[in-house]
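Structural description and commentary
Here is what each chain is made of, one letter per residue.
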Amino acid sequence: MREHNLTDEEYRRIEAMLGRTPTFAELGIVSALWSEHCSYKHSSPSCGSSPPPGRRLCRVRGERGVLRLPEGWAVAFKIESHNHPSAVEPYQGAATGVGGILRDVFTMGARPIALLNSLRFGPLTEPRNRYLFTGVVRGIGDYGNCIGVPTVGGEVDFGSSYVGNPLINAMCVGLVRENDVTTAAAHGVGNVLLVVGARTGRDGIHGASFASEELTRESEQRRPQVQVGDPFTEKLLMEASLELIASGDIVAIQDMGAAGLTSSSAEMAARGGVGVEIDVSLVPLREAGMTPYEILLSESQERMLVVAKPDRAVTSSALVPPPPGAEQWP
């Protein structure tokens, strides 16, 4: 229970909901979905309400992230933090933060056109802060440059309160025709779920719960829970996703971000008021011997979850090449 960062009260609530002792996989699923990173269970009550949708602000995918422009155009935007991952692995932590917001934008059907950032570090007189600063700047720049989306602006400041605990906020802006904004709500009994993009590995497992913890001297040991990005795969995924959305052949699409397959499937099902059945043995893997627990909670990057009608779906082996050394398709 403790390794899942669940309180005694939360554990008792899970037992009451299930009417039995939860399995290890169930504990992992609930701990990820109930983490601050995914559910905002602590910060949400303190946040003021944002303005309702109106003449300029559209409500999209259950979020308010699209602003109307003249002549039928709209601008989509997303901002998120990647503080904890960047504190233990600055390059990959910052790079995967950029990758995540890019996916959030192009899954709306918008083409990303610009990246921005807001950064905070401890004084550069300390070696650790210089290491974090250098790695974060490189990670942000390299990921955007490799995928072909420029970083057009940002701001940075330094202060003693950020020593060892940087704030890494990345933002993406994209353009889309307002009528072409797509949804992340699963619906249609009998439709199928497709995992599209990179294969699933063990990187990033427990990333959501790690991102919700307080940083300590022991946090360096959580380095394996930081995802590893591949911007070249993301470029291919972006173009394929935008083409899929434009084709009209899919029902819904969502980035597999924090908590991976667990959160993306649960969120899509909740938005559509439906349930989902997942066969983890069909998920394309890049590592042998992965357990259902690992597959469900992996936060491997450059992956999307797509809902499609059965007659429009093809097998993953037709889309994703086998890993090096593989003798056959999965």
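Residues numbered from 1 in each chain as written. Predicted model: local features only at pLDDT ≥ 70, side-chain atom pairs only at ≥ 80, totals over all residues. Heavy atoms only, no water.

Of regular secondary structure, the chain possesses ten helices and nine strands. Taken over 330 residues, the chain has a buried fraction of 45%. Intrachain contacts of the chain at a sequence separation of at least 6 include 77% that bridge at least 24 residues. A total of about 16,400 Å² of accessible surface is found on the chain, and carbon and sulfur atoms cover 55% of it. (Helix = DSSP H or I, 4+ residues; strand = E, 2+ residues; numbered from the N terminus. Buried < 20%, exposed > 50% of the residue type's maximum accessible area, 1.4 Å probe, protein only. Contact = heavy atoms within 4.5 Å. Areas by Shrake-Rupley, 256 points an atom, 1.4 Å probe, with all protein chains shown as cover.)

All right, on to unusual backbone geometry then. Phi is positive for Ala259, which is not a glycine, with a value near 70°. Inspection of the secondary structure assignment puts Ala259 in the loop between β8 (250–255) and α9 (260–272). One non-glycine residue with positive phi stands out, namely Glu302, at about 60°. Assignment of secondary structure puts Glu302 in the loop between α10 (292–297) and β9 (303–308).

Within the open sheet, the three strands sit side by side as β7-β9-β8. Their pairing is antiparallel. Two strands lie at the open edges of the sheet, namely β7 (192–197) and β8, each paired on one side alone. On average, each strand axis in the sheet is inclined to that of its neighbour by 25°, with strand direction left out of account. Pairing of β7 with β9, which is carried by six bridges, proceeds in the antiparallel orientation. (Pairing = 2+ DSSP bridges. Axes fitted to C-alpha atoms, helices over the stretch in contact; angles between N-to-C directions.)

Further remarks concern the packing of helix α5 (residues 90–106) against helix α8 (residues 231–247). Between α5 and α8, whose axes approach to 10 Å, the crossing angle comes to 15°. On the basis of the axis angle, α5 is roughly parallel to α8. Seen along the crossing, α5 lies across α8 with a hand that is right-handed. In this structure, α5 contributes Gly99, Leu102, Arg103 and Phe106 to the contact, and α8 contributes Glu234, Leu237, Met238, Ser241, Leu242 and Ile245. Split into classes, the residues belonging to the contact of α5 with α8 amount to six nonpolar, two polar and two charged. (Parallel < 35°, antiparallel > 145°, perpendicular 65-115°, else oblique. Left-handed = near helix turned anticlockwise from the far one by under 90°. Nonpolar A, V, L, I, M, F, W, Y, C, P; charged D, E, K, R; others polar.)

We now examine the nonpolar core. Ranked by internal contacts, the top residues of the largest apolar core, which has 24 residues, are Val98, Leu102, Leu115 and Val136. Among the elements of the structure, β3 (73–81), α5, β4 (111–121), α6 (127–147) and β6 (167–177) are those that each provide at least two residues to this core. At six residues, the largest contribution of residues to this core is made by α5. By size, the runner-up hydrophobic cluster in this structure holds 14 residues, among which are Ala186, Val280, Met290 and Leu296. (Core = buried A, V, L, I, M, F, W, Y, C linked by side-chain atoms within 4.5 Å.)

This brings us to the packing of α5 against α6. In contact at an axis separation of 7 Å, α5 and α6 are set at 35° when each is read in the N-to-C sense. In the packing of α5 onto α6, the handedness of the crossing is right-handed. Counted together, Pro90, Tyr91, Ala94, Ala95, Val98, Gly99, Leu102 and Arg103 of α5 and Tyr131, Leu132, Gly135, Val136, Arg138, Gly139, Ile140, Asp142, Tyr143, Gly144 and Ile147 of α6 form the full contact between these two elements. By residue class, the composition of the contact of α5 with α6 is twelve nonpolar, four polar and three charged.

Turning to helix α1 (residues 8–18), a few remarks are in order. Turning to α1, its buried residues number three or more, namely Glu10, Tyr11 and Ile14. What you see down the axis of α1 is that its buried residues fit within an arc of 100°, all on one side. In this structure, α1 carries Glu9, Arg12, Arg13 and Ala16 as exposed residues pointing more than 90 degrees from its buried face. Where α1 is buried, its residues meet α2 (24–33). Two residues or fewer after α1 comes Gly19, characterised by a positive phi angle close to 75°. (Arc of directions from axis to C-beta.)

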